[in-house]
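Descriptive analysis of the structure
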Protein chains: 2
Amino acid sequence: MSLRWHLDAGEIERESFRIIEGECPELAAALPPEHWRVARRLIHTTADVRIADTLVFRHDPVAAGLAALRRGAFIFCDSKMLRSGLSLEKLRRLCPDYGPDRLLCHISDPDVAERARAEGLTRALCSAEKALPVLDGGIVLIGNAPLALARIARAILDDGLRPALVIGMPVGFVNVVEAKELLAACPVPQIVLEGRRGGSATAVTSLHAIMESA
Amino acid sequence: MSLRWHLDAGEIERESFRIIEGECPELAAALPPEHWRVARRLIHTTADVRIADTLVFRHDPVAAGLAALRRGAFIFCDSKMLRSGLSLEKLRRLCPDYGPDRLLCHISDPDVAERARAEGLTRALCSAEKALPVLDGGIVLIGNAPLALARIARAILDDGLRPALVIGMPVGFVNVVEAKELLAACPVPQIVLEGRRGGSATAVTSLHAIMESA
């Protein structure tokens, strides 16, 4: 195949989805359509069909996420990279007055950095704690930091916090599997990549994929 | 293993690197130290040891990248997500007056969007073309858009453009393998993930890993 220069973004996406469907027919047939759309977009974003092997949906997350997006819910972002990947244009299709002030990312807030330094904690953990008061009914996107996810899971289990949706995709070798196990015990709608894998791009694309079921 | 709450970022990174070294002793032994640092950080970022199977270095990219970073070179970013993942703090360790104005990302510029729409091209391709005049001696980071990479490779091959370093890690199913093949023919320092895989986080972490060899 030689390079095709004259394609627009829509054509590239449609062609990519055709390739993915051709390579994963069993997966496409086995999943409900709203879950397949998430799996397909995760495969598209990672270019790795194995990513779908660890994808788990609990407590009807697509419907819950759509309802929250239509309400204009706060979205907690565990990293600046994740926040910058979210499309305001897409968010406004479901909630026309959605503003960037609803994308919460406290990771670089001076008070968060100072507390993390003083107490020997991660900034991610402190940033999650700072957001807890507004996360009832909110959407939680974790693509990096397991302790941010674990802190929110503890608030769900111990204090009755009820986010509308948690996308739990921290990545790495320390605390990651354990944080995902804690989330699994939480009675809230959730989409998870089990095991070590995840990433900001996987969390972002999962939320965007939910919107395809609107 | 239970969750370990009281770890700071440095402790988590050191523990992660110990785990990776324990799981990949052959790879650690086979690569020169400056390449192993890149491989290790890519595994750390993706939590996938297989990512190293496709990692290729050509034309001494670590030394070339370090020299460019010390000069305060422009860094072309193919996405906002990639740009927001770069650490100004780390960049300033090599070039104390490095400023955010040197992180070039034209993907949302109105003229780029307008041209892409009018000509049926991707915004990524048009954004790369806009940056070409300043990329001699610059660093090119591609974590998403194969046609941005292909356009820059054509300028290298046809017009004598000489970036100091290209990190070529577009991801996906259309034009991605072909763009990486074009880059392979370019006589410039480069780090590539061959095949379909890549991503903004892999490109960012590769540049950060180069700095570990300073």
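Residues numbered from 1 in each chain as written. Chains lettered and ligands numbered in written order. Predicted model: local features only at pLDDT ≥ 70, side-chain atom pairs only at ≥ 80, totals over all residues. Heavy atoms only, no water.

**What about the overall build of chain A?**
Stated formally: Strands here mean DSSP runs of E at least two residues long; helices mean DSSP runs of H or I at least four residues long; both are numbered from the N terminus. Radius of gyration: C-alpha atoms only; globule rule: 2.2 Å multiplied by the number of residues to the exponent 0.38. Burial here depends on accessible area, computed with a 1.4 Å probe over protein chains only, as a share of the maximum for the residue type. Under 20% is buried, over 50% is exposed, and the range in between is partly exposed. Residues are treated as being in contact if the distance between any of their heavy atoms lies within 4.5 Å. All accessible-area figures derive from a Shrake-Rupley calculation using a 1.4 Å probe, and residue coverage is judged against the displayed protein chains alone.
A tally of regular secondary structure across chain A gives 11 helices and 6 strands. The C-alpha radius of gyration of chain A comes to 17 Å, within 12% of the 17 Å expected for a compact globule of 214 residues. Overall, chain A is about 55 × 35 × 35 Å in size when its C-alpha atoms are taken along their principal axes. A burial count over chain A gives 60% of its 214 residues as buried. Sequence separation of 24 or more characterises 69% of the internal contacts of chain A that already satisfy a separation of 6 or more. Accessible area for chain A stands at about 8500 Å²; split by element, carbon and sulfur atoms hold 52% of it.

**Quick look at the relation of the copies chain B and chain A**
This is how the line gets drawn: Our superposition of the copies is a least-squares fit, built on the C-alpha atoms of residues whose pLDDT is at least 70 in both.
Mapping chain B onto chain A calls for a rotation angle of 180 degrees and an axial translation of 0.0 Å; the resulting RMSD is 0.0 Å. The superposition operator between the copies reduces to a two-fold rotation axis. Taking C-alpha positions as the reference, the residue of chain B nearest the rotation axis is M81 of chain B, at 2.6 Å.

**Some remarks on the UniProt feature "domain: Cobalamin biosynthesis precorrin-8X methylmutase CobH/CbiC" (unreviewed entry) in chain A**
Formally: UniProt positions are given in the numbering used here, feature names are shortened, and annotations may be inferred rather than shown by experiment.
In the numbering used here, UniProt assigns the "domain: Cobalamin biosynthesis precorrin-8X methylmutase CobH/CbiC" (unreviewed entry) feature to residues 11-212 of chain A. For residues 11-212 of chain A, the end-to-end C-alpha separation is 17 Å, with 55% helix and 10% strand making up the annotated structure.

**Let's talk about the pattern of salt bridges**
Any two side chains of opposite charge can pair, on the condition that their charged atoms come close. Residue and element names in this part refer to chain A. Our working definition: What counts as a salt bridge is simple: a side-chain nitrogen of Lys or Arg found within 4 Å of a carboxyl oxygen of Asp or Glu.
Under the defined criterion, the tally for this structure stands at 40 salt bridges over all chains. We note a salt bridge from R41 to E212, for which the minimum N-O separation is 2.3 Å. A residue pair is termed long-range when its members are at least 10 positions apart, and R41 in helix 3 (residues 33-46) and E212 in the segment after helix 11 (200-211) qualify at 171 residues. You can call R41 buried: its relative accessible area is 7%. Residue classification places E212 among the partly exposed residues on the basis of a relative accessible area of 26%.

**Considering the pairing of strand 5 (residues 165-168) of chain B**
Residues and elements named next belong to chain B. To be explicit about the condition: DSSP calls a pair of strands paired once it identifies at least 2 bridges connecting them. Crossover handedness is defined by viewing with both strands directed away from the observer: a clockwise path from the first strand over the helix to the second marks the crossover as right-handed.
Residues L165 and I167 point to one face of strand 5 and V166 and G168 to the other, with burial holding for every one of them. Two elements, strand 4 (residues 139-142) and strand 5, share 4 bridges in a ladder whose sense is parallel. Paired with V140 across the two strands is V166, which belongs to strand 5. What joins strand 4 to strand 5 is helix 9 (residues 146-159), and the crossover it makes is right-handed. Alignment of strand 5 against strand 6 (residues 190-193), held across 3 bridges, turns out to be parallel. Bridging across to strand 6, V166 finds its partner in Q190. Assessed by its sense of winding, the connection that carries the chain from strand 5 through helix 10 (residues 176-184) to strand 6 is right-handed.

**With respect to the interface of chain B and chain A**
To be explicit about the condition: Note on terms: buried area is the combined drop in 1.4 Å-probe accessible area of two parts once they are placed together, counting the loss on both. Here the term charged refers only to Asp, Glu, Lys and Arg, the term nonpolar to Ala, Val, Leu, Ile, Met, Phe, Trp, Tyr, Cys and Pro, and the term polar to all other amino acids, Gly among them.
Chain B puts 49 residues into the contact, and the matching count from chain A is 49 residues. If you sort the residues of chain B by the area they bury against chain A, W5, M81 and F173 of chain B come out on top, with a joint share of 20%. Across the contact surface, chain B and chain A share 4 salt bridges. For R197 of chain A, the salt bridge is made with D48 of chain B, and the minimal N-O distance between the two is 3.7 Å. Looking at the side of chain B that touches chain A, the elements that each hand over two or more residues are helix 1 (9-23), helix 3 (33-46), helix 5 (80-85), helix 9, helix 10 and helix 11 (200-211) of chain B. In terms of residue count, helix 1 of chain B provides more of the side of chain B that touches chain A than any other element does, 7 residues in total. Of the residues belonging to the side of chain B that touches chain A, the class tally is 23 nonpolar, 13 polar and 13 charged.

**Notes on the nonpolar core**
Basically, it comes down to this: We call a set of buried Ala, Val, Leu, Ile, Met, Phe, Trp, Tyr and Cys residues a nonpolar core when their side-chain atoms join them within 4.5 Å.
I75, L207 and I210 of chain A together with I75, L207 and I210 of chain B are the most contacted members of the largest nonpolar core, which totals 154 residues. Aside from chain neighbours lying at most four places away, what touches I210 of chain B is V38, P61, V62, G65, L66, L69, L165, I167 and I191 of chain B.

**Topic: the state of the cysteines**
Two cysteines, two sulfur atoms, one covalent bond between them: this is a disulfide. Rules: Note on terminology: disulfide denotes any pair of cysteine sulfur atoms within 2.5 Å.
Tallied over the full model, the rule gives 0 disulfides over all chains. C126 of chain B forms no disulfide, and the closest cysteine sulfur to it belongs to C105 of chain B, at a distance of 13 Å.

**Brief notes about the sheet that holds strand 4 (residues 139-142) of chain A**
Residues and elements named next belong to chain A. What counts here: Orientation is described by lines fitted to C-alpha atoms, with helices fitted over the stretch in contact, and by angles between N-to-C directions that extend from 0 to 180 degrees.
The strand order across the open sheet formed by 6 strands is 1-6-5-4-2-3, and the pairing between neighbours is mixed. Since the sheet does not close on itself, it has two edges, and those belong to strand 1 (55-58) and strand 3 (103-104), each with one partner. Here helix 11 sits on the sheet and contacts strand 2 (75-77), strand 4, strand 5 (165-168) and strand 6 (190-193); the angle it forms with strand 5, its principal contact strand, is near 140 degrees.

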